[in-house]
Amino acid sequence: MLAEMDNQRKRIAKDMENLRHSVTCDTLHPFFQVFDHFSMAVSAASNSNNLKSLLDGMKMIQAEFDKAFSELGVEKIDAVGKDFDPKYHEAVSQEPSAEIPAGKIIRQWSLGFKSGEKLLKPASVVVSSGPQKTE
């Protein structure tokens, strides 16, 4: 009976390792094409001074990233102009603004990401503190 329990434990450990490997492969697969395009862009950049073609290449890579995130069910959190929500946003600073009401997001320093309702990374944002108070 002890030997059977030990074998069961070893099978479960092996199954968990196989599952981790499978999840890692499934997660990385959409990014292989992105990496290939990025490598080509780096190579082309070292042989060219054409900024427009470099920008076009970067836009293509960004589109590949968007596609890879989409395939994995990951959504971007675009916060500019929205109400600050600590569930999805991380305030890096506040700034006074005569045009933008207090609590609204003025600028976004970095995108946030979520999968379904689960937050993967909060968006780093600058929040309006409303009109500047005069002393």
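Provided above is the structure to which this section pertains.
Residues numbered from 1 in each chain as written. Predicted model: local features only at pLDDT ≥ 70, side-chain atom pairs only at ≥ 80, totals over all residues. Heavy atoms only, no water.

A. Broad picture of the overall build of the protein chain. A count of helices and strands for the protein chain gives 2 helices and 6 strands. Mapped in sequence order, the helices and strands of the protein chain form the string α-α-β-β-β-β-β-β. Against the globule reference of 14 Å for 135 residues, the protein chain gives a C-alpha radius of gyration of 23 Å, more extended than a compact globule. Expressed as lengths along the three principal axes of its C-alpha atoms, the size of the protein chain is roughly 80 × 50 × 20 Å. Every one of the 135 residues in the protein chain was classed for burial, and the buried ones make up 21%. Summed over all atoms, the accessible surface of the protein chain reaches about 10200 Å², with 59% contributed by carbon and sulfur. (Helix = DSSP H or I, 4+ residues; strand = E, 2+ residues; numbered from the N terminus. Rg over C-alpha atoms; globule rule 2.2 N^0.38 Å. Buried < 20%, exposed > 50% of the residue type's maximum accessible area, 1.4 Å probe, protein only. Areas by Shrake-Rupley, 256 points an atom, 1.4 Å probe, with all protein chains shown as cover.)

B. Spatial organisation of the packing of aromatic side chains. Scanning the entire structure with this criterion turns up 4 aromatic pairs. When the centroid spacing of 6.0 Å and the interplanar angle of 55° are considered together, the rings of phenylalanine 31 and phenylalanine 65 count as tilted. Placement of the pair is phenylalanine 31 in helix H1 (residues 2-46) and phenylalanine 65 in helix H2 (residues 51-71), with a sequence separation of 34 residues. Among the residues examined, phenylalanine 65 registers a relative accessible area of 34% and is labelled partly exposed. Between the NZ or CZ atom of lysine 114 and the centre of the ring of tyrosine 88, over which it lies, the distance is 5.2 Å. (Phe/Tyr/Trp six-rings, centres within 6.5 Å; stacked < 30°, edge-to-face > 60°. Lys NZ or Arg CZ within 6 Å of the ring centre and 35° of its normal.)

C. Local environment of H1. Taking 1.5 Å of rise per residue, 45 residues should cover 66 Å, and H1 covers 63 Å from first to last C-alpha, within 8% of that figure. Of all the bends in H1, the greatest reaches close to 40° and is centred on histidine 29; the proline proline 30 follows between one and four positions later. Residues Pro30, Phe31, Val34, His37 and Ala41 constitute the buried set of H1. Packed against the buried residues of H1 are H2. (Expected span 1.5 Å × (residues − 1). Bend = angle between axes of the 7 residues up to and from the residue. Contact = heavy atoms within 4.5 Å.)

D. Focus on the nonpolar core. Of all hydrophobic cores here, the largest spans 7 residues; its members are Ile77, Ala79, Tyr88, Ile105, Ala123, Val125 and Val127. Sorting elements by how many residues they give to this core places strand E6 (residues 123-128) first, with 3 residues. Every residue in contact with isoleucine 105, bar those within four places of it in the chain, is listed here: Ala79, Val80, Gly81, Lys82, Asp83, Phe84, His89, Val125, Val126 and Val127. Counting 5 residues, the second largest nonpolar core, distinct from the first, contains Phe31, Val34, Ala41 and Ala68. (Core = buried A, V, L, I, M, F, W, Y, C linked by side-chain atoms within 4.5 Å.)

E. Here's a closer look at the pattern of salt bridges. What the rule picks out here adds up to 7 salt bridges. Across the pair lysine 104 and aspartate 83 runs a salt bridge, and its minimum N-O distance is 3.1 Å. Linking lysine 104 in the loop between strand E2 (89-95) and strand E3 (105-110) with aspartate 83 in the loop between strand E1 (74-77) and E2, this pair joins segments that are 21 residues apart in sequence. A residue is classified by how much of its surface remains accessible, and lysine 104, at 25% relative accessible area, is partly exposed. (Salt bridge = Lys/Arg side-chain N within 4 Å of Asp/Glu carboxyl O.)

F. Structural view of the environment of leucine 28. Within the fold, leucine 28 resides in helix H1. Relative accessible area serves as the criterion here: at 42%, leucine 28 is assigned to the partly exposed category.

G. Examining the environment of proline 86 more closely. Relative to the elements of secondary structure, proline 86 occurs in the loop between E1 and E2. Note on proline 86: relative accessible area 63%, which makes it exposed. Taking the C-alpha atoms as reference, proline 86 lies 8.5 Å from proline 122; in sequence the two are 36 residues apart.

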